[in-house]
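An overview of the molecular structure
What follows is the residue order along each chain.
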Amino acid sequence: MNLTSSLSCAALGLALAFGAQSALAQQQLVPAQSEVQFTARQMGVPLDGHFKKFSAQVAFDPARLATSKIAFTVDTGSATLGSRETDAELPKPTWFNVPKFPQAQFESTAIKALGGGKFEVAGKLTIKGTAQNVTVPVALAQNGATTTATGTLPLKRLAFKIGENEWADTSMVADDVTVKFKLALTGVGKL
């Protein structure tokens, strides 16, 4: 192989690599079709809420899971339970402490295919300054140019210091919280 052929092959390789990265960089969250909900229990009664503001940085290639990355950020100050009284409490230091910790974050460390559009996404979840390793089950479905990722993640609120002091009593507010998400993405390759 001569120098010209070697340079041509190198240029083609770089073009393909940048093309693949460019395709991944085009993956975008569609906020209007996405949602992040949570359910807690107070005195045995379910309380349903959601986050109004969140974002995702996705570089997902089903053929290259080892190099795929997902980062997800939730603005904790956007949490709502639909009541003015409870919504006024959530940003306070006892709960999300929004002035000190305005965001909760998830960063993937590994993605494993389970087949049938199902994946396990392992990573680090940080809420209120406390980081925990979690594994999130995710199902992907494609409809035209949109890929929808759905999943449910059970959490222990006290592991993240959510509801401190008198609210640490789990007979009033249960320790278990369920987070459900539906994230619509564009630019994901064919599954």
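What counts and what doesn't
Residues numbered from 1 in each chain as written. Predicted model: local features only at pLDDT ≥ 70, side-chain atom pairs only at ≥ 80, totals over all residues. Heavy atoms only, no water. Helix = DSSP H or I, 4+ residues; strand = E, 2+ residues; numbered from the N terminus. Buried < 20%, exposed > 50% of the residue type's maximum accessible area, 1.4 Å probe, protein only. Contact = heavy atoms within 4.5 Å. Areas by Shrake-Rupley, 256 points an atom, 1.4 Å probe, with all protein chains shown as cover. Core = buried A, V, L, I, M, F, W, Y, C linked by side-chain atoms within 4.5 Å. 1 Å grid on protein atoms, 1.4 Å probe; cavity = no way out; pocket = protein on both sides within 12 Å on 5 of 7 lines; lining within 4 Å. Points joined across faces, edges and corners; volume = space filled by probe spheres on them. Nonpolar A, V, L, I, M, F, W, Y, C, P; charged D, E, K, R; others polar. Phe/Tyr/Trp six-rings, centres within 6.5 Å; stacked < 30°, edge-to-face > 60°. Pairing = 2+ DSSP bridges. Polar contact = N/O pair within 3.5 Å; in protein donor to acceptor, adjacent residues only side chain to side chain. pLDDT = per-residue confidence, 0-100.

Along its length, the protein carries two helices and 11 strands. In sequence order, the protein lays out its α and β elements as α-β-β-β-β-β-β-α-β-β-β-β-β. Across the 191 residues that make up the protein, the buried fraction comes to 34%. The long-range fraction of contacts in the protein, counting pairs at least 24 apart against all pairs at least 6 apart in sequence, stands at 57%. Of the accessible surface of the protein, which amounts to about 11200 Å², a share of 58% is contributed by carbon and sulfur atoms.

This next bit is on the nonpolar core. Judged by nonpolar contacts, the single largest core of 40 residues is most densely connected at Val-36, Phe-60, Phe-72, Phe-96, Leu-125, Ile-127 and Leu-183. Every element with two or more residues in this core is listed here: strand 2 (35-42), strand 4 (54-59), strand 5 (69-75), strand 7 (103-115), strand 8 (118-127), strand 9 (130-143), strand 10 (146-156) and strand 11 (176-186). The biggest single contributor to this core is strand 11, with five residues. When residues no more than four places from it in sequence are discounted, the contact partners of Val-36 are His-50, Phe-51, Phe-54, Phe-72, Val-179, Lys-180, Phe-181 and Leu-183.

Right, let's get into the layout of surface pockets. Put simply, the largest pocket is a space of about 1000 Å³. What lines the largest pocket is a set of 46 residues, among which Val-36, Phe-38, Phe-51, Leu-155 and Val-179 lie closest to the centre. Residues that form the lining of the largest pocket fall into these classes: 38 nonpolar, five polar and three charged.

Moving on, we get to the packing of aromatic side chains. Counting across every chain of the model gives five aromatic pairs. Consider the rings of Phe-38 and Phe-51, whose centres lie 5.1 Å apart with planes at 50°: the pair is tilted. Taken together, the positions of Phe-38 in strand 2 and Phe-51 in strand 3 (residues 45-51) put the pair 13 residues apart, joining distant regions of the chain. Each of the two residues, Phe-38 as well as Phe-51, counts as buried.

Looking now at the pairing of strand 7. By the bridge criterion, five bridges tie strand 5 to strand 7 in an arrangement that is antiparallel. Paired with Asp-75 across the strands is Gln-103, a residue of strand 7. Of the strand pairs in this sheet, strand 7 and strand 8 are connected by nine bridges, and their pairing is antiparallel. In the sheet register, Phe-106 faces strand 8, and the bridge partner there is Leu-125.

Once that is clear, we can look at the side chain of Ser-34. Along the polypeptide, Ser-34 turns up in the loop between strand 1 (28-29) and strand 2. At a separation of 2.8 Å, a polar atom in the side chain of Ser-34 contacts the main-chain carbonyl oxygen of Val-30. If sequence neighbours within four positions are ignored, Ser-34 has contacts with Leu-29, Phe-54, Lys-182, Leu-183 and Ala-184.

Another aspect to go through is the pairing of strand 8. Adjacent in sequence and paired antiparallel, strand 7 and strand 8 are bridged by two residues, among which Gly-116 carries a positive phi angle near 65°. From the end of strand 8 to the start of strand 9, which pair antiparallel, there are two residues, and Lys-128 there has a positive phi angle of about 55°.

The predicted structure's coordinates, where accompanied by low pLDDT, should not be read in detail. When pLDDT is averaged along the protein, the result is 87, and 86% of the positions lie at 70 or above. The low-confidence segment residues 1-24 (pLDDT under 50) makes eight contacts with residues lying over four places distant or belonging to another chain.

All right, on to unusual backbone geometry then. Leaving glycine out, the prevailing phi sign among residues is negative, and the prevailing peptide bond configuration is trans. Residues other than glycine seldom take positive phi values, yet Asn-97 does so here, at roughly 50°. Note that Asn-97 resides in the loop between helix 2 (84-89) and strand 7. For Asn-97, a relative accessible area of 14% corresponds to the buried category. At Lys-128, a position not held by glycine, the phi torsion is positive, near 55°.

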